[in-house]
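Structural description and commentary
Below are the chains, spelled out letter by letter.
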Amino acid sequence: MSTFAFNEENEKKFQSLLTRYPDKASLSLPSLWMVQYQEGWISEEAMVYIAQKLGTSAMDIQSIASFYTMFNLKPVGKYHIQLCKTLSCMLCGSREIKNHIENRLGIKFGQSTKDMKFTLSEVECLGSCGTSPCMSLNEDYKENLTIEKVDEILDGLK
Ligand code: FES
């Protein structure tokens, strides 16, 4: 028995989406997004919950959730920094940006600060190569990064 449940808003969304898809399993991705927006991350309990609702196995849901790096499979901080590690960003200085953020926050990729204010992740191309180096900060893109710009961004976060 799962301890997770959709909140009222997500349950309504789920019920509405059910009417639009002939196959319940097609709701795997939307359901995972709803969990992440609700909780900030996707727990094993939430995967079991989704599997039960969709009539599939928790293993299927887990394999989908773990395939996409945009799904957080452990709790993340208030500010989730996802720095691009792919070629254009690397050629434009993402390694220096990475070193600077790691030193400033005292964490490495895949870690969160003790106060859970920041989580730092590395990701593949964010699709913004023309404005390399770039990172996402929660839902926003921060582009044409320099060390000074990163400091300005981090200084502005409460
Ligand atoms: S290589 Fe970084 S956004 Fe594409």
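Residues numbered from 1 in each chain as written. Predicted model: local features only at pLDDT ≥ 70, side-chain atom pairs only at ≥ 80, totals over all residues. Heavy atoms only, no water.

As for the overall build of the chain
Assigned secondary structure in the chain consists of 7 helices and 5 strands. Seen in sequence order, the chain has helices and strands lined up from the N terminus as α-α-α-α-β-α-α-β-β-β-β-α. Looking at the 158 residues of the chain, the share that counts as buried comes to 39%. In the chain, 61% of the contacts between residues at least 6 apart in sequence involve partners at least 24 apart. Here the chain has roughly 9,200 Å² of accessible surface; of this, 53% comes from carbon and sulfur atoms. Mean positive and mean negative side-chain charge positions of the chain (17 and 20 charges, respectively) differ by 2 Å. (Helix = DSSP H or I, 4+ residues; strand = E, 2+ residues; numbered from the N terminus. Buried < 20%, exposed > 50% of the residue type's maximum accessible area, 1.4 Å probe, protein only. Contact = heavy atoms within 4.5 Å. Areas by Shrake-Rupley, 256 points an atom, 1.4 Å probe, with all protein chains shown as cover. Lys, Arg positive; Asp, Glu negative; His and termini not counted. Charge placed at Lys NZ, Arg CZ, Asp CG, Glu CD.)

Concerning the packing of helix α1 (residues 8-18) against helix α2 (residues 28-39)
Here α1 crosses α2 at 170°, and the two axes come no closer than 11 Å. Between α1 and α2, the interaxial angle falls into the category roughly antiparallel. Taken together, the residues of α2 that come into contact with α1 (itself represented by N10, K13, F14 and L17) are P30, S31, M34 and Q38. When grouped by side-chain class, the residues that make up the contact of α1 with α2 number 4 nonpolar, 3 polar and 1 charged. (Axes fitted to C-alpha atoms, helices over the stretch in contact; angles between N-to-C directions. Parallel < 35°, antiparallel > 145°, perpendicular 65-115°, else oblique. Nonpolar A, V, L, I, M, F, W, Y, C, P; charged D, E, K, R; others polar.)

Examining the sheet that holds strand β3 (residues 118-123)
One open sheet holds the 5 strands; their spatial order is β2-β3-β1-β4-β5, and the pairing between them is mixed. The sheet is open, and its two edges are formed by β2 (111-112) and β5 (140-142), each paired on a single side. Strand direction decides the pairing type here: strand β4 (residues 135-137) and β5, joined by 3 bridges, are antiparallel. For S136, the partnering residue across the bridge sits in β5 and is Y141. (Pairing = 2+ DSSP bridges.)

So, the packing of aromatic side chains
The final tally for this structure, using the stated rule, is 9 aromatic pairs. When the ring of F4 is compared with that of F6, the centres are 6.0 Å apart and the planes differ by 80°; the resulting orientation is edge-to-face. The two residues F4 and F6 agree in class, both being buried. For the ring pair W33 and F71, a centre distance of 4.8 Å and an interplane angle of 55° mean the geometry is tilted. One end of the pair, W33, is in helix α2; the other, F71, is in the loop between α4 (58-67) and β1 (79-84), and 38 residues separate them in sequence. Here W33 falls in the partly exposed class, since its relative accessible area comes to 30%. By relative accessible area, which is 5% here, F71 ends up buried. Clustering of aromatic rings is evident, with ring pairs tying together W33, Y37, F67, Y68 and F71. (Phe/Tyr/Trp six-rings, centres within 6.5 Å; stacked < 30°, edge-to-face > 60°.)

Considerations on helix α6 (residues 94-105)
For an α-helix the count is 3.6 residues per turn, leaving residues at separations of three or four pointing the same way. Taking 1.5 Å of rise per residue, 12 residues should cover 16 Å, and α6 covers 16 Å from first to last C-alpha, within 8% of that figure. Taken as a whole, α6 has its buried residues at S94, I97, H100, I101, E102 and L105. The secondary structure elements touched by the buried residues of α6 are β1, α5 (87-91), β3, β4 and α7 (147-155). Just past α6, the residue G106 takes up positive phi, approximately 75°. (Expected span 1.5 Å × (residues − 1).)

Function-wise, these values are silent; they only describe arrangement.
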